[in-house]
Each structure stands twice: as C-alpha cells, then as structure tokens.
2 protein chains.
Amino acid sequence: MTSNTKILLKTRCTGLPQEYDFEEVKEAIKDPQDGQIRCETLYLSLDPYLRGKINGRHISGSIFPGDLMAGEAISRVQVSNDPKFNEGDLVISHSGWQSHPIINICDATKIIDHGIPISTYLGIMGMPGLTAYAGLLRLAEPKDNDVVLVSAASGAVGSMVGQIAKIKNCQVIGIAGTNEKCDWVKNVAGMDNCINYKTEILPEKIKEFCPNGVDIYFDNVGGELLQAAIEQLALYSRVVLCGLMAQYNSDSMPAGPNPAWIIKSRAIVKGMVVYDHEDLRKQCMLDISKWIKEDRIQYLEDVTEGLGKAPEAFSRLMRGTNHGKTIIKVNN
Amino acid sequence: MTSNTKILLKTRCTGLPQEYDFEEVKEAIKDPQDGQIRCETLYLSLDPYLRGKINGRHISGSIFPGDLMAGEAISRVQVSNDPKFNEGDLVISHSGWQSHPIINICDATKIIDHGIPISTYLGIMGMPGLTAYAGLLRLAEPKDNDVVLVSAASGAVGSMVGQIAKIKNCQVIGIAGTNEKCDWVKNVAGMDNCINYKTEILPEKIKEFCPNGVDIYFDNVGGELLQAAIEQLALYSRVVLCGLMAQYNSDSMPAGPNPAWIIKSRAIVKGMVVYDHEDLRKQCMLDISKWIKEDRIQYLEDVTEGLGKAPEAFSRLMRGTNHGKTIIKVNN
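Calculation rules
- Residues numbered from 1 in each chain as written.
- Chains lettered and ligands numbered in written order.
- Predicted model: local features only at pLDDT ≥ 70, side-chain atom pairs only at ≥ 80, totals over all residues.
- Heavy atoms only, no water.
- Helix = DSSP H or I, 4+ residues; strand = E, 2+ residues; numbered from the N terminus.
- Buried < 20%, exposed > 50% of the residue type's maximum accessible area, 1.4 Å probe, protein only.
- Contact = heavy atoms within 4.5 Å.
- Areas by Shrake-Rupley, 256 points an atom, 1.4 Å probe, with all protein chains shown as cover.
- Lys, Arg positive; Asp, Glu negative; His and termini not counted.
- Charge placed at Lys NZ, Arg CZ, Asp CG, Glu CD.
- Buried area = accessible area lost by both parts, 1.4 Å probe.
- Salt bridge = Lys/Arg side-chain N within 4 Å of Asp/Glu carboxyl O.
- Polar contact = N/O pair within 3.5 Å; in protein donor to acceptor, adjacent residues only side chain to side chain.
- Pairing = 2+ DSSP bridges.
- Domains from an automatic or database assignment.
- Least-squares fit on C-alpha atoms with pLDDT ≥ 70 in both.
- Right-handed = clockwise from strand over helix to strand, strands pointing away.

(A) Broad picture of the overall build of chain A. Looking only at helices and strands, one finds 10 helices and 15 strands in chain A. Within chain A, the fraction of its 332 residues that count as buried is 59%. Restricting to contacts in chain A with at least 6 residues of sequence separation, those with at least 24 account for 67%. Put simply, chain A shows about 13,500 Å² of open surface, and 49% of that area lies on carbon and sulfur atoms. Charge-centre separation for chain A: the mean point of 35 positive side chains lies 2 Å from the mean point of 40 negative side chains.

(B) Seen up close, the interface of chain B and chain A. At the junction of the two partners, chain B supplies 29 residues and chain A supplies 29 residues. With both chains or domains summed, chain B and chain A bury close to 2,400 Å², and 66% of this area falls on carbon and sulfur atoms. Linking chain B with chain A are two salt bridges, by the criterion used here. Across the salt bridge formed by Asp276 of chain B and Arg266 of chain A, the nearest N and O atoms sit 2.7 Å from each other. The tally of links between chain B and chain A comes to 14 residue pairs in polar contact (both at pLDDT 80 or more). At the level of elements, β12 (233–241), α7 (260–265) and β13 (268–271) of chain B are the ones that each hand at least two residues to the side of chain B that touches chain A. Examining the composition of the side of chain B that touches chain A, we find that five residues originate from one element, α7 of chain B, more than from any other. Sheet topology note: the strand β13 (residues 268–271) of chain A/β13 of chain B ladder contains three bridges and is antiparallel. Residue pairing in the sheet places Ile268 of chain A in a bridge with Lys270 of chain B of β13 of chain B.

(C) Quick look at the domain arrangement of chain A. Residue and element names in this part refer to chain A. Assigned domains within chain A: domain 1 (3–123 + 300–329) and domain 2 (127–276). A straight line from the C-alpha centre of domain 1 to that of domain 2 covers 28 Å. With 26 residues of domain 1 at the contact, the number on the domain 2 side is 18 residues. Linking domain 1 with domain 2 are zero salt bridges.

(D) The arrangement of the relation of the copies chain B and chain A in detail. The operation relating chain B to chain A is a screw motion whose rotation component is 180 degrees, with 0.0 Å of axial translation and a residual RMSD of 0.0 Å. Here the transformation between the copies is reduced to the relation of a two-fold axis.

(E) Up close: the pairing of strand β14 (residues 301–305) of chain A. Residues and elements named next belong to chain A. Burial along β14 is one-sided: the face carrying Asp302 and Thr304 is buried and the face carrying Glu301, Val303 and Glu305 is not. Taken together, the five bridges between β14 and strand β15 (residues 325–329) define a ladder with parallel strand orientation. Residue pairing across strands places Thr304 opposite Ile328, the latter belonging to β15. Regarding the hand of the β-α-β motif, the stretch spanning β14, helix α10 (residues 310–319) and β15 is right-handed.

The following block contains the structure:
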C-alpha cells in the first residue's frame, strides 16, 4: 500500500538552508475522518517566506524542528469524507511537504478551471500573482507613464508586477541577479530594461534608466536594493515593501534606509501582506487568466520532479539560483 | 541713523552650532526700490530645519559661510515703495537674521489679525502649526480613539500635533527629553502621558502606555525614537516622517529601521514637507485661532530678547535645551 512521504524540518538552519536541515519520513497512509479528504499532492510550491517561518519571523507562524515543512500545494482528492468534495477534484491548500495529506475541508479550496495549466495556481494564478496584483494596483496605484522599478524581477511576484505594470502603460525597470534572468525579464517578460545588481553598479544604472526618478518601487528584496532605490525616488513616489529576500537567510535584522530619503521625496511607503487582499482574488484570477490567454503575460516555472528534491530546490531558491516560480512536481 | 544689523554664518559648523560659527555685521540702512518695502524685524523664528540648510541637506536650499542666516520673521513696514503695503503693516517673510530688511513685496505676506498675539504667526499660527495640522489631519488621518505617539512633544510642531490629536478624540502619548518638558506636555498641553526618553527605557514605556500598539506615530526626531516607535506599530498604522532632530547636527546619515517592521504592521509611512500643504493654510489658521480662543490649545514660547542673542538661542534649540517655540524678539 502507498505510504505518505513527509519532509520534516530537522534543524533550525542558520544561513542558507541545506539538504541536511531536512529529513524524509514515511508513514502509513490514513483514512479521512468526517469533514476531511485524503489527497495526492501534484505540485508543491516553494516560496521565500518559508525561510522566515523557520526563523520564527513570519506573521503566518513558525516552523520548528520536527515539524512538517509548510507550503502551499495543489492536490487531487483520492478519498472524500464530505459531500462537497468528490474523488478527482483538484484542490489547493497549505498541506505542506507531503505526498498524501489528510486535509480538513475548511482548509481546502477547489480549483476553478480558467483553462490554463493548474501549476499556475501556485504562481501567477495563486498567492504570488495576487501579491503582485494587489500590491501594484491597490497599494502603489500606478498611473500612465509612471516609472516602475521592481526587484527580483524574474521571480514569481516580481515578474508579475513588471508585466502588470506594462499592461497599465508604465515604464518598467527590473532588477535581477543573473544575466540569464535579466534576458528573460527584458526579452520574454517585455520589461523595458533590467539591471543585474551583481555585476552592474545599481545606483548608476537606476539613474541611467530612471533619469527623472522612480515613481513606484516594488521591493521584494530589502537591503542594498531598497537603499539604492529609495535614494532615487521621484517626488510623491510610492514604495511597496513586499519581500525581504536579502535578509531571510540571516538571523539579524539589518538597518534600513535613513528616513530623510522618504521625507525628501514625500514618498508613501506601504507594508504589503497578501492575506489582507483576499477580496481581490476573484478579480485577480479573472484578469490574469485573461491576460495569459491574450499572450500579454509570460511566466516561468522552475519545476523539479520528486518530493525528495524539495530541500535541494528550496536551497537553490534561497541562494537565488532558481529561475522562475519554484515548484516541485510530486505525484504524476 | 539706524543701521541694519545682520548675522551671517561664519563657518559651516560641525556638530552643534556654536556662537563662534556666526558673525554680526552692521550696514547702512537702505531705501526700498520699486516693489520693495523696508521693515523693522519684530520677531525672528529659529527652527531646527535651519541646521539642515547649513549642512546643505534641506530641500529649501543651503546656507554658505558668509551668507545672511536664513529664517522666517515678522516685521513692521517702515517705508513702502508699493501701493499694496503701508507704513505700519505687519508682514511675515523669510527675511532672515537682520534688523531692517528690504523685502520684495512678492516675498512678504500681510498678517491677517485673528485676535491673538502676533508672535504666534511664527509658531502655532505659522509654519510649525501648519506642519502639525496638515501632517496629522491630512497625512495620518486620525480616527476616534487612535493611539497617537508624538516625539519632540513640547516642541513647536509636536505640541500642536498632540493637542490637535486630543481635539480629534485620540489618546496621545508624547516623548520629550526633560522632566520639565514632560510636565508641560501632560499638565498644560493635556496629553495623556509623556515619556522622558533620556531617563526612561523608551521601548518599555511605549509598550506600557500603548499596550495595543501605536496607531499613529508622528516623528520629529528620527534615530532611536523612530526605531522604538516602529517596533510597536499597530496593524494598519500610519507614520508621518516630519523631522530629523536626531541627525541635524550630524554630518552622516545614520541608517533607519528595518523594513520588516513596516511589512509586519502593514503601516503606511509618509514623508512630510510643509510646503506641499499651502492650500490648507487658511483653514488651519481659522481652526487653530478658534481653538486658542476656546482655550483648547496651549502654546509655549521660548523668547530671547535681542538679535545678537540668536546664535546662542539657536545653539540651545539644537541641543534641545529650549522649552517651546524658539523666538528672538528683535525690535520693540
């Protein structure tokens, strides 16, 4: 009989997560109780915020050694013990790094078919897509011809921010960490320019591409990238603080930019947490699926086969050597 | 014949401004040309932003060694060479540290009598009053029962922020640097509590007085005060960055708070420059003069007699040993 494969956090990693920080265990498959379903996981999403949970610094709660690793996943119902779900239904839930989860039906959402690949419900049609959509359109309020700068521009959130900004008639400059990523940002995702912050002098390049300043900075990184961007804000600019890739692997909390930059530009800086924007999800999925079908949105997935490869893929994600939305293909 | 006494910046002061950084000179009094008025200065305003101008770090421009020290002043017209101004008119202008300025009439604003002492037009009825009024009401949008924390709470801006917030039914906690200031903040200005950040442990005291977090932080200081406040923001709080007293005397730009605090609280942080809010000035003066007459607003002026004492008074202001709006009484 099939067993449930689970990957647990073994040690509270310091710095970059390594494969030895995780442990694979198997347990006998379980039957769902009333109000539960048993599923087989199809796709598991790996996201940077999980590193913050390991550090005990994420608002969605912590992961402790011995705990099942958390994560959003798409799975197919095998056995249902509730009339609202049937065998074969596709659901999305935070079922974590396991192959055959038992899920309380209140924690599972049926996937509505929009005619696009289901793995996208973990990326552009899911949490990262909603983050970009709400963060850009609701918090940053882009206007025609605004100059939008976005960090981690080839990532799950950043690539959507840049492309939605293009759809909204903005000029878009991406920041990414390899030439391969920059090529994709410019030549596939269609942003106007992309800066490789590891090989180019970021402040100079921002000045070159944004000679009148940055109207919107969408920050997925923090650290030096935030500092460089905030020094070149245009008057009445908006900054969305969304992610902190520069510090997720760190135990310390580095300082941020001097407040004088914000005063000088009269900027409005907003903290973004996607959970606040659930009310936009339906409209977001309608808009994004439409844009995908119109070929106005490109997306990139970094897919690894096999749940056992999740630790290695997570390590690559946190090193920034992934390319696109990081997904584990679990069962076929 | 009377001469015009002027105080010039002598050296670009490092650290705290000292009396020897300034130089008094006299020149023959001048006659106004067409479109000019000659005035006698009555009250000169000393404000922390002047220190930023000496450092070349203020948006209103720089003051260089040899330049007349800048500053807003109230003066009385002695000789007018324009039909719109008459001898005896009271005007406000940025005429600087001098006793008998020649002012272009486009740079002078006649003072409209609201039935309150004219020195207040440099304080609560002037630029600091408008800063507090616009910064709190327009940028921070206080709601009933909001918990408002304000730094430099006995200062020209902070004392108004706290008192307007009380009028708007908020709970108000001040931060100041001496027990004498704290006493005034609580017992005269009527704020609910005041923390002496030099003798008390600021983070602990903020927690004690704001157990559910800070809804609005109005920052006139930056530095450690901003850090302590931002760590205790309530969800969906607002931060107005208005002044940087902690760094005006410094040549360096210290770092600011980590962006994680803003993300966690979903705060909205706004940079405040009073020049953007000129459209509110008329309403601001009507409201504030009304509140003064209703005895709902108290104000404190730190008045020194004699233009020659301006350097010493400015030094005291920048050391924080002033108490209230710092004003020089020039001619009688």
